[in-house]
Amino acid sequence: MRPGTVVSLVLEPRTDDRRWTAVHSSAPATVLVSGWRVDADGTAHAALRCAGTRGGTATITALAKALDVAGAARGAFTLEVTVVPYPQEG
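Within each chain, residues carry numbers counting from 1 in the order of the written sequence. The model is predicted, so local features are restricted to residues of pLDDT at least 70 and side-chain atom pairs to those at 80 or more, both for listing and for counting; the totals for chains, interfaces and linings are taken over all residues. As a rule here, side-chain values cover all heavy atoms of the structure and leave hydrogens and water aside.

Peer 1: I'd like to hear about the overall build of the protein chain, residue by residue, with values.
Peer 2: Numbered from the N terminus, helices here are DSSP runs of H or I no shorter than four residues, and strands are runs of E no shorter than two. Within the protein chain, the regular secondary structure consists of zero helices and six strands. Taken along the three principal axes of its C-alpha coordinates, the protein chain extends 60 × 25 × 15 Å. Burial status follows relative accessibility: with a 1.4 Å probe on protein chains alone, a residue under 20% of its type maximum counts as buried, one over 50% as exposed, and anything between as partly exposed. Looking at the protein chain as a whole, 29% of its 90 residues are labelled buried. Of the contacts made within the protein chain by residues no fewer than 6 positions apart, 61% connect residues no fewer than 24 positions apart. A total of about 5700 Å² of accessible surface is found on the protein chain, and carbon and sulfur atoms cover 52% of it. When the 9 basic and 8 acidic side-chain charges of the protein chain are each reduced to a single mean position, those positions are 6 Å apart. The contact rule is simple, with two residues in contact once any of their heavy atoms fall within 4.5 Å. Shrake-Rupley sampling with a 1.4 Å probe provides the accessible areas, and residues are treated as covered by the protein chains on show and by no other component. None of His or the chain ends enter the tally, which takes Lys and Arg as positive and Asp and Glu as negative. Lys charges are placed at NZ, Arg charges at CZ, Asp charges at CG and Glu charges at CD.

Written out as C-alpha cells, the structure is:
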C-alpha cells in the first residue's frame, strides 16, 4: 500500500456458528480501520486506510465468535499489510 491508499476489506459470511465481530490493526498509526459493519447476511465490511507517511507493517485481524457462547472473540482472519512510502526528492 502507498500512503493515502484506501482498500475495502470484504469478509464472506462464515459457514460455522461464528459471526464476524470486529477488525483491529496492530499499528493504527500505519493502517487505520474504519467503516466496520456486518450486514444481515453475515458479510462484514471495513475500509483500510494507509494513515502514515512513513513505511511500516501492520497486522489486520478480524475477530469472530459464536453468538450464544460467552467469552472473547478469537482471531479468525489475519492480513499482513506493508506500507511503502513514496520516494522523496533530494
